[in-house]
Amino acid sequence: MLNENKMNKIYKLTLKFSSLMYKGNIKYKRLVQDVKEVIAGTEQDFTTGSLKRAIFLLSVPMVLEMVMESIFAVVDIYFVSRLGAEAVATVGITESLVTIVYAIGIGLSVATTALVSRRIGEKNPEGAAKAAFQSIITGLFVSLLIAIPGIIYASKLLQVMGASEEIYANMSSYTAIMLGGNAVIMLLFIINAVFRSAGDAAISMRVLWVANIINLILDPMLIFGIGPFPELGVMGAAVATNIGRGLAVIYQFYLLFKGNGRVKLLVSHISVHLQTIRSLLKLSVGGIGQNVIAMSSWIGLVRIISEFGSEAIAGYTIAIRIIVFSLLPSWGISNAAATLVGQNLGAKKPGRAEKAVWAVGKVNMASMGIISVILILFPSAFIRLFIDDPAVIFSGAASLRILAYGFILYGLGMVMVQALNGAGDTLTPTKINFFCFWLLEIPLAYFLALSLGIGETGVYYSIVIAESVMTIAAAWYFKRGKWKLKEV
């Protein structure tokens, strides 16, 4: 009898083990299939089915896209740094001028996401295609307004920005090419927003791969004159970047007109619809405002930190570069929330849209939590990658550690802001940013750092406090649910 009981237990355990192995095999096969879809693209309707799978299929390629975008700057600086300090300064000053292009491009892409995702959710691919083309021609028009004065006054702009005579007299060609070719930056942002908001995030990812691979190959060739290529110096970096981005834009247009994506442009879509453009511009004002407010607030903080010496500024600058790079994956995850909100509102499923946002928020908080732990434990190691100065390392490590304390809450805040943008409510995040970054963060930084005498750490704490308040405000407004009534 005892042997029979043992045999029954063994039999049951064997069945249980076999069942677990079978389920594990099924999950593994599903994971492999999902990874293949991440790279190749997916046909899934994001207004139905598993939200976990939808978040995975959208966020992974968006994260990889954000990483690819960051490689542009890293590659350029890596090769340009071989030319000396003046060349690096030229790139740095020009990047500060190009931030206006990024701000407008991101603003237009936010508006594009709201319009296209809503039409896709309504099962109206024709309307999505029309909205996409209006976004493209709007971006081209705006880029022309920047390109003409950018080419003509490149040297003057560098001079106004405080560049040395060597830079504005001999290296302004870099600035002229970057500002003159700003259309490729604008179109990359806008058209990739079309793909992402339609649910074709894998296409956006592949486009950035194309741009980066071409840039990586051409950068050293054109900067140093390798092989048959002319030695163009710092100007070669601008030419390489514009060729890489330009060919990626051509690839984007090919996919829009000839590809198998959810948004397909036809000759009949090539026309101007002023009403759509007005809606687009109205929505983009909020997106542009959010970026301008955030970027300008950093200028105010740097001014306060400058009171504590060059080591404090250097440490803070390096820390911010590390933080921006570490935040890029989280921005990719947050973009998934915008797409899911827009499509599900279009499908008249506000409940599913809300559920998706909280799910994405949890994923982003977990992601940011892991990053924060690493930066809190080893801040000096990351600063040391860029500089050997002990004073700068000490200051930068303090900045990195304190700012990392707020990462988990900020991870939720990013998702909430992008969710509101995806619903077409771009003005609410702008108002929240204005209050938190201009009316709270900068005065609080001044009070803590200078009035109370805490020093530069007071600035860092003010950033954590302001971003935490931003998260709470955005989450509170999101929970109220007024965004569900937004029509675009």
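Everything here concerns the structure above.
Right, let's walk through the structure included here. Every value quoted in this text rests on a predicted model; they were computed, and no experiment measured them.

**Description of the overall build of the protein chain**
Looking only at helices and strands, the protein chain features 18 helices and zero strands. Taking 23 Å as the expected radius of gyration for a compact globule of 488 residues, we find that the protein chain reaches 24 Å, a close match to that expectation. Its C-alpha atoms give the protein chain principal-axis dimensions of about 95 × 60 × 55 Å. Relative to its full complement of 488 residues, the protein chain shows a buried share of 52%. Long-range pairs, those at least 24 residues apart, make up 79% of the contacts in the protein chain with a sequence separation of at least 6. Roughly 22,300 Å² of accessible area belongs to the protein chain as shown, and the carbon and sulfur atoms make up 69% of that amount. Averaging the locations of the 40 positively and 27 negatively charged side chains of the protein chain gives two centres separated by 16 Å.

**Details of the side chain of Gln 44**
If you trace the backbone, Gln 44 turns up in the loop between α1 (2-40) and α2 (51-80). For Gln 44, a relative accessible area of 13% translates into the label buried. Side chain to side chain, Gln 44 and Arg 53 meet in a polar contact 2.5 Å long. Leaving out residues up to four positions away in the same chain, Gln 44 has contacts with Ser 50, Arg 53, Ala 54, Leu 57 and Arg 262.

**With respect to the packing of aromatic side chains**
Scanning all chains against the criterion turns up six aromatic pairs. Here the aromatic rings of Trp 358 and Phe 478 are separated by 5.8 Å at their centres, their planes lie at 75°, and the arrangement is edge-to-face. Of this pair, Trp 358 sits in helix α13 (residues 350-377) while Phe 478 sits in helix α18 (residues 456-480); the two residues are 120 residues apart in sequence, bridging distant segments of the chain. Look at Trp 358 and you get partly exposed, because its relative accessible area is 27%. Given the relative accessible area of 0%, Phe 478 is considered buried. Ring geometry for Phe 478 versus Trp 483: centroids 4.6 Å apart, planes at 10°, classification stacked. Overall, the relative accessible area of 0% leaves Trp 483 in the buried class.

**Points about unusual backbone geometry**
For Lys 123, which is not glycine, the phi torsion reads 60° and is therefore positive. Take Lys 123: it is sitting in the loop between α3 (85-121) and α4 (125-152). Even without being glycine, Lys 348 reaches a positive phi, approximately 60°. Its place among the elements puts Lys 348 in the loop between α12 (310-346) and α13. Lys 348 gets classed as exposed once you look at its relative accessible area, which sits at 62%.

**Side note on the pattern of salt bridges**
The full count for this structure, using the stated rule, is five salt bridges. Residue Asp 200 is joined to Arg 262 by a salt bridge in which the shortest nitrogen-to-oxygen separation is 2.8 Å. Separated by 62 residues along the polypeptide, Asp 200 in the loop between α8 (182-198) and α9 (201-224) and Arg 262 in the loop between α10 (234-258) and α11 (274-305) bring together distant segments of the chain. Between Glu 307 and Arg 303 there is a salt bridge, with its nearest N and O atoms 2.9 Å apart. The class of Glu 307 is partly exposed, set by a relative accessible area of 47%.

Parameters and conventions
Residues numbered from 1 in each chain as written. Predicted model: local features only at pLDDT ≥ 70, side-chain atom pairs only at ≥ 80, totals over all residues. Heavy atoms only, no water. Helix = DSSP H or I, 4+ residues; strand = E, 2+ residues; numbered from the N terminus. Rg over C-alpha atoms; globule rule 2.2 N^0.38 Å. Buried < 20%, exposed > 50% of the residue type's maximum accessible area, 1.4 Å probe, protein only. Contact = heavy atoms within 4.5 Å. Areas by Shrake-Rupley, 256 points an atom, 1.4 Å probe, with all protein chains shown as cover. Lys, Arg positive; Asp, Glu negative; His and termini not counted. Charge placed at Lys NZ, Arg CZ, Asp CG, Glu CD. Polar contact = N/O pair within 3.5 Å; in protein donor to acceptor, adjacent residues only side chain to side chain. Phe/Tyr/Trp six-rings, centres within 6.5 Å; stacked < 30°, edge-to-face > 60°. Salt bridge = Lys/Arg side-chain N within 4 Å of Asp/Glu carboxyl O.

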